[in-house]
Amino acid sequence: MEELQELQNQSDGQDAESEIVAESASFVNGELRQDGSGPPKVDSEVEVLHEKVTKQIIKEGHGQKPSKYSTCFVHYRAWTESTQHKFEDTWQEQRPLELVLGKEKREMTGLGIGVYSMKSGERALLHVHSELGYGKEGNFSFPNVPPMANILYEVELIGFDETQEGKARSDMTVEERISAADRRKMDGNAFFKEEKLEEAMQQYEMAIAYMGDDFMFQLFDKYRDMALAVKNPCHLNMAACLIKLKRYEEAIAQCSIVLVEDENNVKALFRRGKARAELGQTDAAREDFTKARKFAPEDKAIPRELRLLAEHDKAVYQKQKELYKGLFGPRPEPKPKPTNWLILIWQWLLSLFYRVFRIDRLKAD
């Protein structure tokens, strides 16, 4: 099983020794929603793809565009334009859509036109007229779309298979799907070697799309083991890329998927621990590292991460100690009591009288 650590030539399981800079992953022509509910605000030029479909690029893609009958893998969010009601989100479901261009469902005709114009890795905002969406009938089941509703799509083309390469997943045998996923994983590893993290993640995500929940549910025994031998490394490699990109919450999610299948997976525990530590979730990170050390006691990277957590906790404690010290201030020194001269004079007179009385008594004796 290929792992990213082999690609990095790291013998001790370290993930963060060599810094990798991703190619542009920023949103060049827009910004994401702040609350995660409404469509993004995009200021790029409006491109007319069809009299009923327009596109604005959010993030540039790379490479070629798909041709007719290409099998495309996309993530998308969809809103009704008038109400801003979000009725679909494949990112949230962690299930990319497989779309065969020219064979898409009728209500996804507008989405297909948009995807046909995109490059791998491109993200765009599509405005689709109701005629190329759910039309006069709408959809009152799931997703819930009213009649005559124009649709806004935020869509990303993860990647695609050209017509000559193969078929839709539903037409493939088990062996063909696993082989196609493994090929994507290998392509992802090649991109990773070139330090192209965004492209690598696209390939891993396409590989994972071949191993969807509906497919995995049907597998048993050796076929399930074969599929997991491809699927789990893709999730782990995705997590390693996401950690490099400082997208720690997403990295945790990828590791957690693997841990559902294999609760003692050392790499999943280690990488989830690193992501949690970066987010300041030190107790949870320590729990992951401690469990990973139990199953890999010879791994030098794990105790190092535990030491870093201990040093972090110590630094936080010292900082809080200094903060509280400055908050309440130093303990006040006791003030000297004022001198009472009358008492001192009286004590001196008594002492003098006592000495005189004692001298006179000694003379009388």
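Now for a quick tour of the structure. All values derive from a computational prediction rather than experimental measurement.

1. Section: the overall build of the protein chain
Scanning the protein chain for helices and strands turns up 12 helices and 9 strands. Taking all 365 residues of the protein chain together, the buried fraction comes to 44%. Counting only contacts in the protein chain whose residues sit at least 6 apart along the sequence, the fraction spanning at least 24 positions is 69%. A total accessible area of about 21300 Å² is found for the protein chain, and carbon and sulfur atoms account for 53% of it.

2. Thoughts on the packing of helix α7 (residues 221-244) against helix α8 (residues 248-261)
Their axes nearest at 8 Å, the elements α7 and α8 cross at an angle of 160 degrees. Judged by the inter-axis angle, α7 sits roughly antiparallel to α8. Handedness of the crossing formed by α7 with α8: left-handed. Each of Arg 224, Leu 228, Lys 231, Asn 232, His 235, Leu 236, Met 238, Ala 239, Leu 242 and Ile 243 in α7 lies in contact with α8, whose residues at this interface are Tyr 248, Glu 250, Ala 251, Gln 254, Cys 255, Ile 257, Val 258 and Glu 261.

3. Structural notes on helix α5 (residues 197-210)
Between its first and last C-alpha atoms α5 spans 20 Å; for 14 residues at 1.5 Å apiece the expected length is 20 Å, and the two agree. The buried fraction of α5 is high, at 14 of 14 residues.

4. Things to note about the packing of helix α4 (residues 174-193) against α7
For the pair α4 and α7, interaxial distance at closest approach is 10 Å and the crossing angle is 25 degrees. When the axes of α4 and α7 are compared, the pair comes out roughly parallel. α7 is crossed by α4, and the crossing has left-handed handedness. Residue-level contacts link Val 174, Glu 175, Ile 178, Ala 181, Asp 182, Lys 185, Asn 189 and Phe 192 of α4 to Tyr 223, Met 226, Ala 227, Ala 229, Val 230, Pro 233, Cys 234, Asn 237 and Cys 241 of α7.

5. Some points on the packing of aromatic side chains
Across all of its chains, the model carries 4 aromatic pairs by this definition. Both rings, one in Tyr 76 and one in Tyr 153, keep their centres 5.8 Å apart while their planes meet at 65 degrees; by these two values the pair is edge-to-face. Taken as a pair, Tyr 76 in strand β5 (residues 71-80) and Tyr 153 in strand β9 (residues 151-161) lie far apart in primary sequence, 77 residues in all. One exposure class covers both Tyr 76 and Tyr 153, and it is buried. Residues Phe 87 and Tyr 134 carry aromatic rings whose centres are separated by 6.0 Å and whose planes lie at 90 degrees to one another, so their mutual orientation is edge-to-face. Residue Phe 87 is located in strand β6 (residues 86-89), and its partner Tyr 134 is located in the loop between β8 (123-128) and β9; the two are separated by 47 residues in the primary sequence. Comparing Phe 87 with Tyr 134, the two get one shared label, buried. Positioned above the aromatic ring of Tyr 223, the side-chain terminus of Lys 222 is 5.2 Å from the ring centre.

6. Comments concerning the environment of Glu 162
Following the sequence through the fold, Glu 162 ends up in the loop between β9 and α4. Taking the relative accessible area as the measure of exposure, Glu 162 reaches 18% and is therefore buried. Between the C-alpha atom of Glu 162 and that of Tyr 69, which follows or precedes it by 93 residues, the distance is 7.5 Å. Sequence-distant contacts of Glu 162, defined by excluding residues within four places in its chain, comprise Lys 65, Pro 66, Ser 67 and Ser 70.

7. What about the pattern of salt bridges?
One pass over the full model with this rule turns up 21 salt bridges. We note a salt bridge from Arg 77 to Glu 154, for which the minimum N-O separation is 3.2 Å. Of this pair, Arg 77 sits in strand β5 while Glu 154 sits in strand β9, and the two are 77 residues apart along the sequence. Here the two residues Arg 77 and Glu 154 agree in accessibility, since each one is buried.

8. What to know about the nonpolar core
Considering soluble globular proteins, one finds that nonpolar side chains tend to be buried as a cluster. In terms of nonpolar packing, the biggest core is built from 49 residues, with Tyr 204, Tyr 210, Met 211, Met 216, Cys 241, Phe 289 and Ile 302 touching the most fellow members. Of all the secondary-structure elements, those providing two or more residues to this core are α4, α5, α6 (213-216), α7, α8, α9 (266-278), α10 (282-295) and α11 (301-328). Considering every element that reaches this core, the biggest residue donor is α7, with 10 residues. In contact with Cys 241, not counting residues within four places along its chain, are Phe 192, Leu 197, Ala 200, Met 201 and Tyr 204.

Rules and cut-offs
- Residue numbers run consecutively from 1 along every chain, following the written order of its sequence.
- This being a predicted model, a pLDDT of at least 70 is required before a residue's local features are given, and a value of 80 or more before pairs of side-chain atoms are given or counted; all residues contribute to the totals for chains, interfaces and linings.
- For the side-chain quantities, the full set of heavy atoms in the structure was used; hydrogens and water were omitted.
- Helix and strand definitions here come from DSSP, where helices need a minimum of 4 consecutive H or I residues and strands a minimum of 2 consecutive E residues; each element is numbered from the N-terminal end.
- Here the term buried applies to any residue with accessible area under 20% of the maximum for its type, exposed to any over 50%, and partly exposed to those in between, with areas from a 1.4 Å probe on protein chains only.
- Residue contacts are counted whenever heavy atoms from the two residues lie within 4.5 Å of one another.
- Values of accessible area rely on a 1.4 Å probe in the Shrake-Rupley scheme; residue burial ignores everything except the protein chains shown.
- Where helices are involved, their axes are fitted lines through C-alpha atoms of the stretch in contact, as for all axes, and angles between N-to-C directions lie from 0 to 180°.
- Here the angle decides the label: under 35 degrees means roughly parallel, over 145 means roughly antiparallel, 65 to 115 means roughly perpendicular, and every other value means oblique.
- For a crossing to be left-handed, the near helix must be turned anticlockwise from the far one by less than a right angle; the clockwise case is right-handed.
- One less than the number of residues in a helix, times 1.5 Å, gives the span that helix is expected to have.
- Each Phe, Tyr or Trp ring, with Trp reduced to its six-membered ring, pairs with another whose centre is within 6.5 Å; inter-plane angles below 30 degrees give stacked pairs, above 60 give edge-to-face pairs, and intermediate values give tilted ones.
- A ring is scored as having a charge over it whenever the NZ atom of a lysine or the CZ atom of an arginine sits within 6 Å of its centre and within 35 degrees of its normal.
- By definition, a salt bridge exists where a carboxyl oxygen of Asp or Glu is found within 4 Å of a side-chain nitrogen of Lys or Arg.
- Buried Ala, Val, Leu, Ile, Met, Phe, Trp, Tyr and Cys residues that are joined via side-chain atoms within 4.5 Å together make up what is termed a nonpolar core.

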